[in-house]
Amino acid sequence: MKKGLIFFSLVFCGFNASAETAICTGSVERLAYHQPDGLWLALGSTPIFKVCSPESLFKRTSPENCRFIASLVTTARATGKNLSVYIDNAPTTSCSDIPNWFEADVRFVELLK
């Protein structure tokens, strides 16, 4: 019984402790496509992170949705507008502390005024 309780605690409590939602907002400082890997982005002072892949499912983002995100990102870059990006698997809520080359689970992208 005691081992079962410990196992339950480790499995169900341990998974949620390592992932945070970071909301990163800023201008598009870096925009890159790594063949065949996908779309990479850096906003404001954030390190560069992988957003999606237009060729295959990446995290929860389908190739079609990746193309929509790429459109928003390139529009922001071309017009000088800011983006807001929600990263659900971030190791921290501070965007500047996300490691370089992080593979982000992006849930929401917004083109701001």
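Source: prediction; values computed, not measured.

### Some details on unusual backbone geometry
Thinking step 1. With an omega dihedral of 0°, the bond running from Gln35 to Pro36 counts as a cis peptide bond.
Thinking step 2. When you line up the elements, Pro36 lands in the loop between strand S1 (20-34) and strand S2 (38-43).
Thinking step 3. Positive phi values are uncommon outside glycine, yet Lys59 reaches one of about 55°.
Thinking step 4. Note on placement: Lys59 falls in the loop between strand S3 (49-52) and helix H2 (63-79).
Thinking step 5. The exposure class assigned to Lys59 is partly exposed, which follows from its relative accessible area of 41%.
Thinking step 6. Here Trp101, not a glycine, exhibits a phi torsion of approximately 65°, which is positive.
Thinking step 7. Tracing the sequence through the fold places Trp101 in the loop between strand S4 (82-90) and strand S5 (102-103).
Thinking step 8. A relative accessible area of 53% places Trp101 in the exposed class.

### Digging into the pattern of salt bridges
Thinking step 1. Tallied over the entire structure, the rule returns four salt bridges.
Thinking step 2. In this structure, the salt-bridge partner of Asp37 is Lys50, at a minimum N-O distance of 2.9 Å. With Asp37 in the loop between S1 and S2 and Lys50 in strand S3, the pair connects residues that are 13 residues apart, well separated along the chain.
Thinking step 3. Accessibility expressed as a relative area gives 24% for Asp37, which makes it partly exposed.
Thinking step 4. Taking the relative accessible area as the measure of exposure, Lys50 reaches 5% and is therefore buried.
Thinking step 5. In this structure, Arg107 engages Asp88 in a salt bridge whose closest nitrogen and oxygen atoms are separated by 2.7 Å. Note that Arg107 is positioned in strand S6 (residues 106-111) and Asp88 in strand S4, a separation of 19 residues in sequence.
Thinking step 6. Through salt bridges that share partners, Arg60, Asp88, Asp105 and Arg107 make up one connected network.

Calculation criteria
- Residues numbered from 1 in each chain as written.
- Predicted model: local features only at pLDDT ≥ 70, side-chain atom pairs only at ≥ 80, totals over all residues.
- Heavy atoms only, no water.
- Helix = DSSP H or I, 4+ residues; strand = E, 2+ residues; numbered from the N terminus.
- Buried < 20%, exposed > 50% of the residue type's maximum accessible area, 1.4 Å probe, protein only.
- Salt bridge = Lys/Arg side-chain N within 4 Å of Asp/Glu carboxyl O.

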